[in-house]
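The lines below spell out each chain.
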2 protein chains.
Amino acid sequence: MGRSPQSSSQTPDQGAARRPSRARGIPEATVARLPLYLRALTALSERSVPTVSSEELAAAAGVNSAKLRKDFSYLGSYGTRGVGYDVEYLVYQISRELGLTQDWPVVIVGIGNLGHALANYGGFASRGFRVAALLDADPNVVGSTAAGLPVRHMDELESIVESQHVSIGVITTPPGAAQQVCDRLVEAGVTSILNFAPTVLTVPDGVDVRKVDLSIELQILAFHEQRKAGEEPDRTESVLDRAPGPVRAAAAKLRRAAGGNGKSRGGAEPTVKDQAEQATKGKSAKGGEGELSAVMPA
Amino acid sequence: MGRSPQSSSQTPDQGAARRPSRARGIPEATVARLPLYLRALTALSERSVPTVSSEELAAAAGVNSAKLRKDFSYLGSYGTRGVGYDVEYLVYQISRELGLTQDWPVVIVGIGNLGHALANYGGFASRGFRVAALLDADPNVVGSTAAGLPVRHMDELESIVESQHVSIGVITTPPGAAQQVCDRLVEAGVTSILNFAPTVLTVPDGVDVRKVDLSIELQILAFHEQRKAGEEPDRTESVLDRAPGPVRAAAAKLRRAAGGNGKSRGGAEPTVKDQAEQATKGKSAKGGEGELSAVMPA
DNA sequence: TAGATTGTTAATCGATTAACAATC
DNA sequence: TAGATTGTTAATCGATTAACAATC
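For every chain, the first residue of its written sequence is number 1, and the numbers climb from 1 along that sequence. Chain letters start at A and ligand numbers start at 1, both assigned in the order the entries are written. Where totals are concerned, whole chains, interfaces and linings use all residues; where local detail is concerned, this predicted model gives features only for residues with pLDDT of at least 70, and gives and counts side-chain atom pairs only at 80 or more. Note that the side-chain values use all heavy atoms of the structure and ignore hydrogens as well as water.

Student: A description of the overall build of chain A should follow, citing residues and the corresponding values.
Tutor: When you go through chain A residue by residue, the secondary structure sums to 13 helices and 12 strands. When each of the 298 residues of chain A is scored for burial, the buried share is 58%. The contact rule is simple, with two residues in contact once any of their heavy atoms fall within 4.5 Å. Considering only contacts within chain A whose residues lie at least 6 apart along the sequence, 59% involve residues at least 24 apart. Helix and strand labels come from DSSP, where a helix needs a run of H or I of at least four residues and a strand needs a run of E of at least two; each type is numbered from the N terminus. The buried label goes to any residue with under 20% of its type's maximum accessible area, the exposed label to any with over 50%, and the partly exposed label to all in between, with areas taken from a 1.4 Å probe on protein chains only.

Student: Describe the pattern of salt bridges, listing the residues and the values that go with them.
Tutor: In the sections that follow, a salt bridge refers to a side-chain nitrogen of Lys or Arg positioned within 4 Å of a carboxyl oxygen of Asp or Glu. This structure, assessed with the given rule, holds 20 salt bridges over all chains. Close ionic contact of Asp103(A) with Arg130(A) constitutes a salt bridge, the shortest N to O distance being 3.1 Å. Linking Asp103(A) in the loop between helix H4 (87–98) and strand S5 (104–109) with Arg130(A) in strand S6 (residues 129–136), this pair joins segments that are 27 residues apart in sequence. Classification of Asp103(A) by relative accessible area gives partly exposed; the value is 41%. Between Arg39(B) and Asp213(A) there is a salt bridge, and its shortest N-O distance comes to 2.3 Å. Note that Arg39(B) is positioned in helix H1 (residues 28–46) and Asp213(A) in the loop between strand S12 (208–211) and helix H9 (214–230), a pairing that runs across two chains. Residue classification places Arg39(B) among the buried positions, given a relative accessible area of 9%.

Student: Quick one: what's the story with the confidence of the model for chain A, residue by residue and with numbers?
Tutor: All names here are of chain A. Scored by pLDDT, chain A has a mean of 76; 69% of the residues are at 70 or more. Across residues 1–23, where pLDDT falls below 50, the model places 70 contacts with residues more than four positions away in sequence or in other chains. Across residues 232–298 the pLDDT falls below 50, and counting only partners more than four positions away or on other chains, this stretch makes 126 contacts in the model. Residue-level confidence of the predictor is summarised by pLDDT, bounded by 0 at the bottom and 100 at the top.

Student: Which residues make up the side chain of Ser167(B), and what are the values?
Tutor: The residue Ser167(B) is located in the loop between helix H7 (157–163) and strand S9 (168–171) in this model. Ser167(B) sits in the buried class, given a relative accessible area of 11%. Contact partners of Ser167(B), with chain neighbours within four places excluded, come to Glu225(A), Trp104(B), Pro105(B), Val190(B), Thr191(B) and Ser192(B).

Student: Explain the protein's contact with DNA strand D residue by residue, including any values.
Tutor: Close to DNA strand D lie 27 residues, the nearest being Ser54(A), Gly79(A), Tyr85(A), Arg33(B) and Arg81(B). When atoms of DNA strand D within 4 Å of the protein are split into backbone and base, the sugar-phosphate part holds 65%. Counted as a polar contact is a pair of N or O atoms within 3.5 Å, where, for protein atoms, one must be capable of donating a hydrogen and the other of accepting one, and residues adjacent in sequence contribute only when both atoms are in side chains. Between DNA strand D and the protein, one listed contact pairs a base nitrogen with a side-chain N or O atom of Arg69(A) at 3.0 Å. Within the contact set of DNA strand D, a phosphate oxygen lies 2.9 Å away from a side-chain nitrogen or oxygen of Asn64(B). Sorting the residues of the surface near DNA strand D by element identifies helix H3 (65–75), strand S3 (79–80) and strand S4 (84–86) of chain A together with H1 and helix H3 (65–75) of chain B as the ones contributing at least two each. At four residues, the largest contribution of residues to the surface near DNA strand D is made by H3(B). Lys, Arg, Asp and Glu make up the charged group, whereas Ala, Val, Leu, Ile, Met, Phe, Trp, Tyr, Cys and Pro make up the nonpolar group; the residues left over, Gly among them, are polar. By residue class, the composition of the surface near DNA strand D is six nonpolar, 11 polar and 10 charged. A single heavy atom is enough: if one lies within 4 Å of a molecule or strand, its residue is considered near that molecule or strand.

Student: Could you give an account of the UniProt feature "binding site: NAD(+)" (unreviewed entry) in chain A, naming the residues involved and the relevant values?
Tutor: Residues and elements named next belong to chain A. The UniProt record annotates "binding site: NAD(+)" (unreviewed entry) at Gly-110, Ile-111, Gly-112, Asn-113, Leu-114 and Gly-115. With a relative accessible area of 3%, Gly-110 lands in the buried category. Looking at where Gly-115 falls in the secondary structure, it is placed in helix H5 (residues 113–119). Every residue in contact with Gly-115, bar those within four places of it in the chain, is listed here: Ile-108, Gly-110 and Thr-172. UniProt positions are given in the numbering used here, feature names are shortened, and annotations may be inferred rather than shown by experiment.

Student: So, the pairing of S9(B): which residues are in play, and what are the values?
Tutor: Residue and element names in this part refer to chain B. Of the two faces of S9, the one lined by Ile-168 and Val-170 and the one lined by Gly-169 and Ile-171 are each fully buried. Bridge count between strand S5 (residues 104–109) and S9: four bridges; the pairing is parallel. Each residue of the ladder has a partner; that of Val-106, found in S9, is Ile-168. By the bridge criterion, four bridges tie S9 to strand S10 (residues 192–195) in an arrangement that is parallel. Along S10, the bridge assignment pairs Ile-171 with Asn-195. Any two strands with at least two DSSP bridges between them are considered paired.

Student: I'd like a rundown of the side chain of Asp86(B), residues and numbers included.
Tutor: Residue and element names in this part refer to chain B. Note that Asp-86 resides in strand S4 (residues 84–86). A polar side-chain atom of Asp-86 sits 3.2 Å from the main-chain amide nitrogen of Glu-88. At 2.8 Å, the side chain of Asp-86 forms a polar contact with the backbone nitrogen of Tyr-89.

Student: So what's going on with the environment of Ala188(A)? Residues and values would help.
Tutor: All names here are of chain A. When you line up the elements, Ala-188 lands in helix H8 (residues 175–188). Assessed through its relative accessible area of 10%, Ala-188 is described here as buried. Measuring from C-alpha to C-alpha, the distance between Ala-188 and Leu-157 comes to 7.9 Å, with 31 residues separating the pair along the chain. Residues contacting Ala-188, with those up to four places away along its chain left out, are Leu-157, Glu-158, Val-161 and Glu-162.

Student: Talk me through unusual backbone geometry; I want residue IDs and the actual numbers.
Tutor: Residues and elements named next belong to chain B. Non-glycine residue Ser-48 carries a positive phi angle of around 60°. Note on placement: Ser-48 falls in the loop between H1 and strand S2 (51–52). Among the residues examined, Ser-48 registers a relative accessible area of 60% and is labelled exposed.

Student: Pulling in residues and values, what's your account of the sheet that holds strand S7 (residues 145–146) of chain A?
Tutor: Strand order in the open sheet formed by seven strands is S7-S8-S6-S5-S9-S10-S12 (chain A), with mixed pairing between adjacent strands. Among the strands making up the open sheet, the edge pair consists of S7 and S12 of chain A.

Laid out in structure tokens, this is it:
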């Protein structure tokens, strides 16, 4: 069976998006928004709002109305011109489209803080996801309870997955254990994996992986944040000069040596490049993946 | 100041993507992948690998090499033809591009299980993110410690954000409190928000919001999972018949009444629609956002 | 020089958006 | 009927990908 690494990251080409994937012709981008619409509709339903226009619903979901109507057009013609959409009816249709009208047993592997948080997450149960088991490798954790469920030992993984027909696994282990856990889940029959460990998982064809990476989200924010403060005054100086000592020193050296910012496009400047290289040799990895092992206690 | 809801969800148009946004011409999709490359490069750096080809690095990051080279071309010409990329040099350049060579103080608001998990997340510190403070509204939580830091009261939010120049806030409160917390953060000077609460936040222009939604990820997996099992045998029957009692009954009724699946495109079938509507009135919200309040203990 | 690999081009694909005819 | 709002079209935009000339 051919193995392919998943796409990872909160980006357009998440897991399933790699296959032809537009199952039944619904674009991946639309699928990713259906849960948003469902959430907004559920809130309206609780307030007993009978119908809603594309404009109102779009506002509640945080998208524009043209996009929403286009999205809904892939599902069918569920609205009424001049009136809008029936809230209950849409809740049902979207739930059905997403597969939420059936029960989805899931296992959570790695019961640290994050595993705990997920086990307690009410948003799962209310949408058809049922925690079939909590698993951990640590004997000190096994036997304790989280969210009213006993934490069971990894040894039971296969029997639980098989007997309860679990098709979705959630991995909240340290990164070092993630691939091995993934392999066991897949071998036992799991075909969808939600991965919180900061690792690229390799899975056979036919298995979907989605990745949630807390640190990546922050890094993307930092990228934009960086550009807000100075509004491009002279990035080389402003950014590097606020950097930690060694980097700042190297930056100064760079400027003295070449006046460039190491970002000049196409300009072949081996001198600049070599010096920046030297400058970073010392600090090198600066923390790196090693520290991530401490991220999510197994 | 014009307020606009953020785009939310792990989809292409996350927060910042709404503005013209391609700060310095780097596409949003590329920015979202830079952290992946950085992680892979950091791992290589720790193994003291001096250079890497686009093919190797792409494999490690889980993307294809053409995409990687295209991404890097936006940053500059940092490789050497015939050789590849210098690992240390690239680590530095990408870190700089992402703004990780500077220190980013963040506050985490809402210290439940998830807040705890985030406070302990080693991936933050190793990338320049420093937890400036943990905040909570619950007097029983205030004063305890998490990840070695004291949990402080919400009342201190403004003074902390201002005195420590915090520009990034992480919201892990229950959904009901999120918008209010967001408003206070923004008012105090925060311009980037990472939102874990299942709510659409409204923020002024110039403020970026990224959203991480655990339940949405699972729903997307469920959508694809649903299509694997049966491979389109006759979805109306297979899906609805596995649904809970009331829904299944309604489905049967529907089939009897019209033989349609309620999904027929364009075909105006008021009878079918009305009956499906009736059928769902009873179960209605089925849990819904209310339960989500239990998600993340403040 | 020969082999390897980058950086860029151009074609393709998918997603977004405004506008409006259809129709309730 | 008049007003409102959907569902769809078509234009635009952005992202992906293969291929290859440039060049180490």
